[in-house]
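If you want the building blocks of each chain, they are given just below.
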Amino acid sequence: MIALRDSIGSDFVERTESFFSPSGLLAKAKNFERRPQQQQMAAAVARALEEERHLVVEAGTGVGKSLAYLVPAVLFALGEKKKAIISTHTINLQEQLLYKDIPILQKVLPETFDAALIKGRQNYVCPRRLLRAREQQNDLFTGPEQNELEEISAWAARTRDGTLSDLSFEPNAKVWGQVCSEAHICTKKSCGQSDRCFYQRARRKFENAQVVVINHTLLFMLLGGVEEQMERESGFLFPNDFLILDEAHTVEQTASRQVGTVISQYLLRATVLRLYNARSKKGLFTVTRDAAGVQLAAEIVDQIDKFFETLGARCDFRKSREFRVRHPELVPDTITGRLIALQARVAEVVKHQDDEMLKSELLELGRRIAEARCGIGVFLEQSARNHVYWVERTGKVGQLLTLNAAPIDIAPALRQMLFREGRTCVMTSATLGVGRKDLTYFRNRVGAEEAEPLQLGSPFNFNQQMKLFVVRKNYRAMQQLAARIENFCVEHDLNLLVQGGGLPRTKLLEQFKGTPRSVLFGTDSFWGGVDVPGDALRNVIITRLPFAVPDHPLIEAKLENIEAYGGDAFTEYSLPEAILKLRQGVGRLIRTKSDQGIIVILDNRIVTKPYGRAFMSALPKCPVEVL
């Protein structure tokens, strides 16, 4: 039995390794099998934690990397009174951690520990705001909105966790925005004493837990910017914590979106409409009976739409939903001055309010208006250095616009946010390498140059479990190929599923898993985070090598940046990114030791182009046949 002391002790690495031995505590778990790579990864994570170092681990399919980092993380958290933050990209992995892997450790460990999921606070209904919304519903909502408010109220009285995932319908965004938990309104002081406040209850749970699970997007939102992290004396989210990022191959893309600036026409309009909606004649300015605020808010909604309409007219969206803005002052600034006036009006109204909750609501909207004003200024002036700027059409029909500014190279920001001295950040994924064991490409992309690299192979026997076929004749598009085999599938009783036909990705995957003799044609979103073990998946067909089309402004700017510094954009970015993507796609096939199947690549460039060797050498070693 492992006995934890007040301090972790000098034999921490050895004790971690013993956990995975044939006679270790994990051997008591159902279906446990010893995997040397898993034990090796666990020891490396333990050393990094003990020595306060950073670590980047590629652990091949089948290593069991989640338990490999959970064991040392839990032991270290218990022994050192620290908190382990585990961040993932997909909900599937979060559920695996919370409902499968962590319960295993809770059963076999002699010490008890708690784990909790951190959700964004706007997922939670706030009973205090809900009560106030019902009291003010005549000034805030139309008749149908009031009906929905009552439905939410009835649900809130019986729900156990108070989150959107427990709500049986998708609420109106305006109604939910008035009753959900918000940072400066649903606070520890105002709601923290109530056992009925769902977010504050969840907050107490994750503050007291030794292990907290979170997704990458929310993690980077909570981390804040570089300046906020640099001001912290210790920890990442909590004073005494350490960070493990699984599915780390998605970190660069996620962080770029969160660290940059995003101004949504939809959200800005929604913020102003919460103050006053001229169509429904409802809003907080109605509650406060402020005629000047009513008039100003009504005018500004129209001015917001005119500003974005003018901006959209200057953008060419014929090729894609994004238009890159290369020079400052794309359009005249007709809006930030009006937003300053609205912000001042909100501040004036706040001065004359005695109702603390109403003051909090108004102050929060004032903060959002100020943030939007600053963001629009940054975008129009292009004042953020080394950023790329673009306008994006959003919504189902692309009628609304979003302004974006993102760092061209996220590595400097992540280097300061995640990889400072005296802390531990571990990144791991099944696919990080593009041909070098030191994982240099990935480490450079995320600012982890000083982190220790470790590349672990898979315990699977790919020589016996998998075969690769390369077809010399090209097929141009997934949809075309699907159309060509449609009759074949009907004749042979095969269930053909094609992404883009209306079904959501999750439903397609459920049908594919649950329906025998299914064929699934999917695009980019099926390359990662999909786990279909067993006979349900026996054949992966790749129609094209997954080179990213450089039509997104951020990718285009990355390529230009490399060229500007004398590099070669194809070999330094396009090729390694495509290799990583191909490895992720191929990795969907073999998920257990008993799986068998074939990979078919319909792009002959993998055997006709010089760079094809780089793709082939990065794939698992298995029999190859060129047809």
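Just to check I follow, could you spell out the overall build of the protein for this structure?
When helices and strands are counted, the protein shows 27 helices and 17 strands. Here the protein, with 627 residues, has 52% of them falling under the buried criterion. A fraction of 74% describes how many contacts in the protein between residues 6 or more apart in sequence connect residues 24 or more apart. As displayed, the protein has an accessible area near 30000 Å², and 49% of this comes from carbon and sulfur atoms.

For this particular structure, what's the right way to read the pattern of salt bridges?
One pass over the structure, following the stated rule, counts 37 salt bridges. Glu58 serves as the salt-bridge partner of Arg583, at 2.8 Å between the closest nitrogen and oxygen. Here Arg583 is found in helix H25 (residues 569-586), whereas its partner Glu58 is found in strand E1 (residues 55-59), with 525 residues between them in sequence. When sorted by exposure, Arg583 lands in the same class as Glu58, which is buried. The salt bridge partner of Glu145 is Lys174, with a shortest N-O separation of 3.1 Å. Taken together, the residues Glu145 in helix H7 (residues 143-158) and Lys174 in helix H8 (residues 173-179) connect sequence positions 29 residues apart. Connected via shared salt-bridge partners are Arg129, Glu182, Arg274, Glu361, Glu364, Arg367 and Arg368.

Looking at this structure, how should I read the sheet that holds strand E2 (residues 83-88)?
Sheet strands pair by backbone hydrogen bonding; their relative direction is either parallel or antiparallel. Strand order across the open sheet formed by seven strands is E3-E4-E2-E5-E10-E1-E11, with parallel pairing between neighbours. Unpaired on one side and paired on the other, strand E3 (115-117) and strand E11 (452-456) mark the two borders of the sheet. Across the sheet, the mean angle from the axis of one strand to that of its neighbour is 20°, orientation sign disregarded. Relative to strand E10 (residues 425-429), strand E5 (residues 241-245) is paired through three bridges, and the arrangement is parallel. Among the inter-strand pairings, Leu245 is bridged to a residue of E10, identified as Met427. Against the sheet, helix H11 (residues 216-223) touches E2, strand E4 (211-215) and E5, its axis set at about 100° to E4.

How do you make sense of helix H24 (residues 553-564) when you look at a structure like this?
Along its 12 residues, H24 runs 16 Å from first to last C-alpha, staying within 8% of the 16 Å computed at 1.5 Å per residue. Within H24, burial applies to Pro553, Leu554, Ile555, Ala557, Lys558, Leu559 and Ile562. Buried residues along H24 sit in contact with helix H13 (251-259), strand E7 (322-325), strand E8 (387-394), strand E9 (400-407), helix H20 (440-445) and H25. The first or second residue beyond H24 is Gly566, which carries a positive phi of 85°.

Whenever I open this one, the sheet that holds strand E15 (residues 539-542) confuses me. Can you help?
Taken in spatial order, the four strands make up an open sheet running E15-E16-E12-E17, and their pairing is parallel. The open sheet is flanked by E15 and strand E17 (624-626), the only strands paired with a single partner. Each neighbouring strand pair of the sheet contributes to a mean axis angle of 15°, computed without reference to strand direction.

I'm lost on the packing of aromatic side chains in this one. Help?
Describing an aromatic ring pair means giving the distance of the ring centres and the angle of the ring planes. Within the structure shown, the criterion is met by 14 aromatic pairs. A ring pair is formed by Phe460 and Phe462, whose centres lie 6.3 Å apart and whose planes are at 70°; its orientation type is edge-to-face. Residue classification places Phe460 among the buried residues on the basis of a relative accessible area of 10%. Taking relative accessible area as the criterion, Phe462 reaches 15% and is therefore assigned buried. With a centroid separation of 5.5 Å and an interplanar angle of 85°, the aromatic rings of Phe547 and Tyr611 are classed as edge-to-face. With Phe547 in the loop between E15 and H24 and Tyr611 in the loop between helix H26 (605-608) and helix H27 (612-618), this pair connects stretches of sequence that are 64 residues apart. Take Tyr611: its relative accessible area is 17%, and that puts it in the buried class.

What should I look at first to understand helix H16 (residues 291-313) in this one?
Every α-helix winds through 3.6 residues per turn, so residues three or four apart in the chain are directed the same way. The end-to-end C-alpha separation of H16 is 34 Å, in line with the 33 Å expected for 23 residues at 1.5 Å each. For H16, the set of buried residues is Gly293, Leu296, Ala297, Ile300, Val301, Ile304, Phe307, Phe308, Leu311 and Gly312. Summarising the contacts, the buried residues of H16 are in contact with helix H14 (265-275), helix H15 (284-287), helix H17 (336-351), helix H18 (356-381), E8 and E9.

Please explain the nonpolar core as it appears in this structure.
As a rule of thumb, soluble globular proteins bury nonpolar side chains together. The biggest cluster of nonpolar side chains holds 93 residues, and the ones touching the most others in it are Leu418 and Met427. Apart from residues lying up to four places away in sequence, Met427 is in contact with Leu55, Val56, Val57, Leu245, Ala248, Val251, Leu418, Phe419, Phe442 and Val446. Grouped together as the second largest cluster of nonpolar side chains are 48 residues, Ala46, Ala59, Leu97 and Val108 included.

Reading the values: rules and limits
Residues numbered from 1 in each chain as written. Predicted model: local features only at pLDDT ≥ 70, side-chain atom pairs only at ≥ 80, totals over all residues. Heavy atoms only, no water. Helix = DSSP H or I, 4+ residues; strand = E, 2+ residues; numbered from the N terminus. Buried < 20%, exposed > 50% of the residue type's maximum accessible area, 1.4 Å probe, protein only. Contact = heavy atoms within 4.5 Å. Areas by Shrake-Rupley, 256 points an atom, 1.4 Å probe, with all protein chains shown as cover. Salt bridge = Lys/Arg side-chain N within 4 Å of Asp/Glu carboxyl O. Pairing = 2+ DSSP bridges. Axes fitted to C-alpha atoms, helices over the stretch in contact; angles between N-to-C directions. Expected span 1.5 Å × (residues − 1). Phe/Tyr/Trp six-rings, centres within 6.5 Å; stacked < 30°, edge-to-face > 60°. Core = buried A, V, L, I, M, F, W, Y, C linked by side-chain atoms within 4.5 Å.

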